[in-house]
Amino acid sequence: MTLIKSISGIRGTIGGKTGDNLTPVDAVKFAAAYGVWLKEYSKKDDLKVVIGRDARISGEMIQHLVVSTLVGLGIDVIDLDLSTTPTVEIAVPMEKADGGIILTASHNPKQWNALKLLNEKGEFLDASQGARILEIAENEDFVFADVDDLGSVTKNDAYIDIHVDEVLDLPLIDADTIRKAKFKVVVDGVNSTGGIAIPKLLETLGVEVVKLYCNPNGQFPHNPEPLKEHLGDICELVVKEKADFGIVVDPDVDRLAFISNDGEMFGEEYTLVACADYVLGKTKGNTVSNLSSSRALRDITEKHGGTYEAAAVGEVNVVTKMKGNKAIIGGEGNGGIIYPESHYGRDALVGTALFLMLMAEKGGTVKDLRDSYPSYFMSKKKIQLTPELDVDGILKTMADKYAGEQISTIDGVKVDFAENWVHLRKSNTEPIIRIYTEAKSQNEADALADRIIDEIKAVVGV
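About the criteria used
- Residues numbered from 1 in each chain as written.
- Predicted model: local features only at pLDDT ≥ 70, side-chain atom pairs only at ≥ 80, totals over all residues.
- Heavy atoms only, no water.
- Helix = DSSP H or I, 4+ residues; strand = E, 2+ residues; numbered from the N terminus.
- Rg over C-alpha atoms; globule rule 2.2 N^0.38 Å.
- Buried < 20%, exposed > 50% of the residue type's maximum accessible area, 1.4 Å probe, protein only.
- Contact = heavy atoms within 4.5 Å.
- Areas by Shrake-Rupley, 256 points an atom, 1.4 Å probe, with all protein chains shown as cover.
- Lys, Arg positive; Asp, Glu negative; His and termini not counted.
- Charge placed at Lys NZ, Arg CZ, Asp CG, Glu CD.
- 1 Å grid on protein atoms, 1.4 Å probe; cavity = no way out; pocket = protein on both sides within 12 Å on 5 of 7 lines; lining within 4 Å.
- Points joined across faces, edges and corners; volume = space filled by probe spheres on them.
- Nonpolar A, V, L, I, M, F, W, Y, C, P; charged D, E, K, R; others polar.
- Polar contact = N/O pair within 3.5 Å; in protein donor to acceptor, adjacent residues only side chain to side chain.
- Pairing = 2+ DSSP bridges.
- Right-handed = clockwise from strand over helix to strand, strands pointing away.
- Salt bridge = Lys/Arg side-chain N within 4 Å of Asp/Glu carboxyl O.

**Brief notes about the overall build of the protein**
Link 1 in the chain: From N to C terminus, the protein includes 15 helices and 20 strands.
Link 2 in the chain: For 462 residues, the compact-globule estimate of 2.2 N^0.38 gives 23 Å, and the C-alpha radius of gyration of the protein, at 22 Å, lies within 12% of that figure.
Link 3 in the chain: Along the first, second and third principal axes, the C-alpha set of the protein runs to 65 × 60 × 40 Å.
Link 4 in the chain: Counting the 462 residues in the protein, one finds 59% classified as buried.
Link 5 in the chain: Expressed as a percentage of contacts within the protein between residues at least 6 apart in sequence, the contacts between residues at least 24 apart total 68%.
Link 6 in the chain: With an accessible surface of roughly 18200 Å², the protein has 48% of that area assigned to carbon and sulfur atoms.
Link 7 in the chain: Of note, the protein has its 50 positive side-chain charges centred 3 Å away from the centre of its 72 negative side-chain charges.

Structure follows, in C-alpha cells:
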C-alpha cells in the first residue's frame, strides 16, 4: 500500500493511514491544493472546474470528497460523473472551464485511485505547476470560502455522447465509409467507462458490437493493463465470434489495444503506428512518440515523408514536443493516440475511429495489416524498488557502462544499439524501474531485457 505524489498528480491505494495511502483526508488535501493553485494561476475570482471519474469502486467516494472540497473553496463544479479521461479533457474547453480533475488510476488495479489534474486547455499540468501544487499541499496553505461564497455543482452526464459526436465530426472520419464495411468487433471495457463509450461510438458507426466486461461496476475481471498476458478471454472470443477484430481499453479509456482477427495481439505499440499510417496517408506532417515507443513509428513516418522525434515519457512531454515540431499525430507506445485535430490528449475513441477508417479503406484483415508493418518486438519488464536503492546512481552506472553507444538521458537512460535498444527509467506512478527493450524478434528483446536486469542486479549486489 502506498501513496505516490508526483508532478502529474497524486495516486495511491484506498484505505490505511493518512499520508501513506489515498485516504479521504489525502483526497481533500490535494483537491484543496489544486483549487488554491488554480486561483493563483488564473488570477480570477470566479472559477469553474470539470470533474469526471472512471468506474472503479472508490470513485464515487473520492468524487464526493473532491467536489465538496472545491465547492468549499468557492469554485463551481461541472460534474460529469462516470466519464473517460479524454472526455473530461474535451469538456474543459467546451465548458470554458478553468481546469479539470479526472478521478482514475488509469491501468492500476482496483485498489488504486488518483487525481489527474488539467489546465484550462484540458491538458495535463507541466512540471513547475505540479511542483507548486505539491508545495501548497505540503504546507496546507488553504483558505476556504465564507458561507455566502461557496461554489455550486452542475451535473452533466451528456459528455460521452458529445465526445462521440466530436469524433464523428473530425475531417478524416467518414461515418458512411465505416458503415459500409459492416465490421463486427468485440469490446473488452474492463468493467469501467470504456464499456459505455466504445460500444456507443461503434454502434453509431454501424459496427456490430460483441460486449465483454462492459458493465461499469469497477470490478475489473482481469488486470486492467491491456497487455497480452491479461487478455486471454477477448482473444478467444474474437475467434469464436468470427469478429473482424477486438478492442481493449484501460479503465479511463486513454489507452487502446487491438486484437487481430486470428485472436493474436495486434500489439499496443502498433496502435499508434496504424493510426499514424492512416493520418499521414491523408495529411503530410511529422510525428512524436516517447523514448519507450517502437521504432516502427519512425519507419512509417519517414515512409510518408515526415519527420519523427522522440520525447521523454509522459503525456505532457509528448504534447510539448508535438507542439514544438507541429506533429499532426503522436502519442505513446502503450496505445495512447494523441491527435491534435481533436485535442492534445490520449484518446481511445479517436484512435478507434482512425483505425476503423484505415481498415475500411484498405480492406483485408487486421492480421494482414499488422503483417504489412515493419516487424519489431518489445519486452516490457520491471524491477521492484526498495527505499535503500540509489536509483539515480544505478542509472548513471548503466549510462557509463554503455557510453560508447548512442545514449539519451533526457528521461532515465536509453541506449540505442544498431539492431535494438533498451530504455531504463524510474516510474512516476509506481515504485519500480521500467526496462523496455525492442529487437527484431521476441527472443532477442526478452534476452536483452534479462541481460540488463542481471547487470542492474550486479550493480546493486543482489
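We are not done yet, so read on.
**Remarks on the layout of surface pockets**
Link 1 in the chain: Approximately 780 Å³ is the volume attributed to the second largest pocket.
Link 2 in the chain: Lining the second largest pocket are 28 residues, and of these Lys228, Met265, Gly267, Met378 and Gln442 lie nearest its centre.
Link 3 in the chain: Contributing elements (two or more residues each) for the lining of the second largest pocket: helix H9 (268–282), helix H13 (366–371), strand S16 (377–384) and helix H15 (442–460).
Link 4 in the chain: Among the elements that line the lining of the second largest pocket, the one with the most residues is S16, at five residues.
Link 5 in the chain: Taken together, the residues that form the lining of the second largest pocket break down as nine nonpolar, six polar and 13 charged.

**Overview of the side chain of glutamate 269**
Link 1 in the chain: For glutamate 269, the location among the structural elements is in helix H9.
Link 2 in the chain: Side-chain polar atoms of glutamate 269 contact the backbone nitrogen of serine 294, separated by 2.8 Å.
Link 3 in the chain: Apart from the residues lying within four places of it in its own chain, the contact partners of glutamate 269 are Ser292, Ser293, Ser294, Gly333, Asn334, Met378 and Lys380.

**Describing empty space enclosed by the protein**
Link 1 in the chain: Under the defined criterion, the tally for this structure stands at two cavities of 30 Å³ or more.
Link 2 in the chain: Here the largest cavity is characterised by a volume of approximately 60 Å³.
Link 3 in the chain: As for the largest cavity, its lining consists of 10 residues, of which Ser6, Gly9, Ile10, Leu117 and Ile133 are closest to the centre.
Link 4 in the chain: For the lining of the largest cavity, the elements supplying multiple residues, two or more each, are strand S2 (9–13), strand S6 (112–118) and helix H4 (127–139).
Link 5 in the chain: Ranked by residue count, the leading element in the lining of the largest cavity is H4, at three residues.
Link 6 in the chain: Its residues assigned to classes, the lining of the largest cavity comprises seven nonpolar, three polar and no charged.

**Describing the pairing of strand S13 (residues 308–311)**
Link 1 in the chain: Note: strand S12 (residues 286–290) against S13, four bridges, orientation parallel. For serine 289, the partnering residue across the bridge sits in S13 and is alanine 310.
Link 2 in the chain: This β-α-β element, S12 to helix H10 (residues 296–303) to S13, shows right-handed connectivity.

**Focus: unusual backbone geometry**
Link 1 in the chain: In this structure, lysine 43 takes a positive phi of about 55° despite not being glycine.
Link 2 in the chain: By secondary structure assignment, the location of lysine 43 is in the loop between helix H1 (24–42) and strand S3 (48–53).
Link 3 in the chain: In this structure, lysine 182 is a non-glycine residue whose phi angle is positive, near 55°.
Link 4 in the chain: With respect to the secondary-structure elements, lysine 182 resides in the loop between helix H6 (175–181) and strand S8 (184–188).

**Here we look at the pattern of salt bridges**
Between side chains of opposite charge, a pair can form as their charged atoms come close.
Link 1 in the chain: On inspection of all chains with the given rule, the structure shows 31 salt bridges.
Link 2 in the chain: Glutamate 269 is the salt-bridge partner of lysine 380, the closest N and O atoms lying 3.2 Å from each other. One end of the pair, lysine 380, is in strand S16; the other, glutamate 269, is in helix H9, and 111 residues separate them in sequence.
Link 3 in the chain: For glutamate 269, a relative accessible area of 7% translates into the label buried.
Link 4 in the chain: For the salt bridge of lysine 367 with aspartate 371, the shortest nitrogen-to-oxygen distance reads 2.9 Å. Of this pair, lysine 367 and aspartate 371 both sit in helix H13, four residues apart, which is roughly one turn of the helix.
Link 5 in the chain: Several salt bridges converge on common partners, so that one network encompasses Lys116, Asp252, Asp254, Glu315, Glu332 and Arg346.

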